[in-house]
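A structural walkthrough
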Amino acid sequence: MLKDTIISNRSTRGYDHSRTPSREELLDMVDCARLSPASMNVQSLKYLIVTDENQVAVIRKGTVLGGRLKERHLPDLGKEPPAYIVILKDQEIQLPENFVNMDVGIAAEAITLSATEKGYNGCMLGSFNPVALAEALNIPDRYLIKLVIAIGKSAEEIHLVDIAEGESIGYYRDENDVHYVPKRKLQDIVLEDMK
């Protein structure tokens, strides 16, 4: 069921290196993004699959995981992401920025759902300097980094918890390092007739 896959598709900040995604699996994740809807069917996004240890180290150094848990300095040693998919905007293909951002979201969701279906998880990383990271990865100026997605087998226990209106939406961990993700209740996000 799609809903079960969505529930399992959690942002993971700690990875189990006993199983890492193959290039073929990562290519299939990108293929799911390729086959997803694109604004006006312009298809302005390109993808960089990163599995080389040196490039993986560059991305690890240039991105932040778990911004709400700054005191943790995630990922923990030995639980770093083993692979990444970088979503890039091809600047030679014109598309309004609001459409590009919508396409990035669609592509990222397709990639992480595909990863989840294969027994992996991901984490969409938006905390990075796109110019510095592109330079460190030798990405030509034609391409602009829009999003970085860490991919690997989760080493974390993650639970969704419903919260009442007004409660904190900040994710947190307990004393056993279990990760909790607060979610607003369905009845609090569906608006009734606006007449």
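All values derive from a computational prediction rather than experimental measurement.

A separate point is the pattern of salt bridges. Summed over all chains, the structure comprises 10 salt bridges. Notably, a salt bridge pairs K153 with D16, separated by 3.5 Å at the nearest N-O pair. With K153 in strand β5 (residues 143–154) and D16 in strand β1 (residues 15–16), this pair connects stretches of sequence that are 137 residues apart. The partly exposed category is assigned to K153, whose relative accessible area is 26%. In this structure, the salt-bridge partner of D28 is K118, at a minimum N-O distance of 2.6 Å. Placement of D28 in helix α2 (residues 23–35) and of K118 in the loop between α4 (97–117) and β4 (121–125) is noted, with a sequence separation of 90 residues between them. With a relative accessible area of 33%, D28 lands in the partly exposed category.

Turning to the sheet that holds strand β8 (residues 179–184), a few remarks are in order. What the three strands build is an open sheet, ordered β6-β8-β7; its pairing is mixed. Only two strands of the sheet have a single partner each, and these edge strands are β6 (158–163) and β7 (172–173). Inspection of the sheet shows β6 paired to β8 by six bridges, in the parallel sense. Residue pairing for β8: V161 is matched across the bridge by P182.

One can find N9 in the loop between α1 (2–8) and β1. With a relative accessible area of 12%, N9 lands in the buried category. When neighbours within four sequence positions are excluded, N9 is seen to be in contact with E109, T112, L113, T116 and N121.

Taken as a whole and assessed by the stated rule, the structure comprises one aromatic pair. Between the NZ or CZ atom of R13 and the centre of the ring of Y171, over which it lies, the distance is 4.3 Å. If you follow R19 out to its NZ or CZ, it ends over the ring of Y120, 4.1 Å from the centre.

Definitions and cut-offs
- Residues numbered from 1 in each chain as written.
- Predicted model: local features only at pLDDT ≥ 70, side-chain atom pairs only at ≥ 80, totals over all residues.
- Heavy atoms only, no water.
- Salt bridge = Lys/Arg side-chain N within 4 Å of Asp/Glu carboxyl O.
- Helix = DSSP H or I, 4+ residues; strand = E, 2+ residues; numbered from the N terminus.
- Buried < 20%, exposed > 50% of the residue type's maximum accessible area, 1.4 Å probe, protein only.
- Pairing = 2+ DSSP bridges.
- Contact = heavy atoms within 4.5 Å.
- Phe/Tyr/Trp six-rings, centres within 6.5 Å; stacked < 30°, edge-to-face > 60°.
- Lys NZ or Arg CZ within 6 Å of the ring centre and 35° of its normal.

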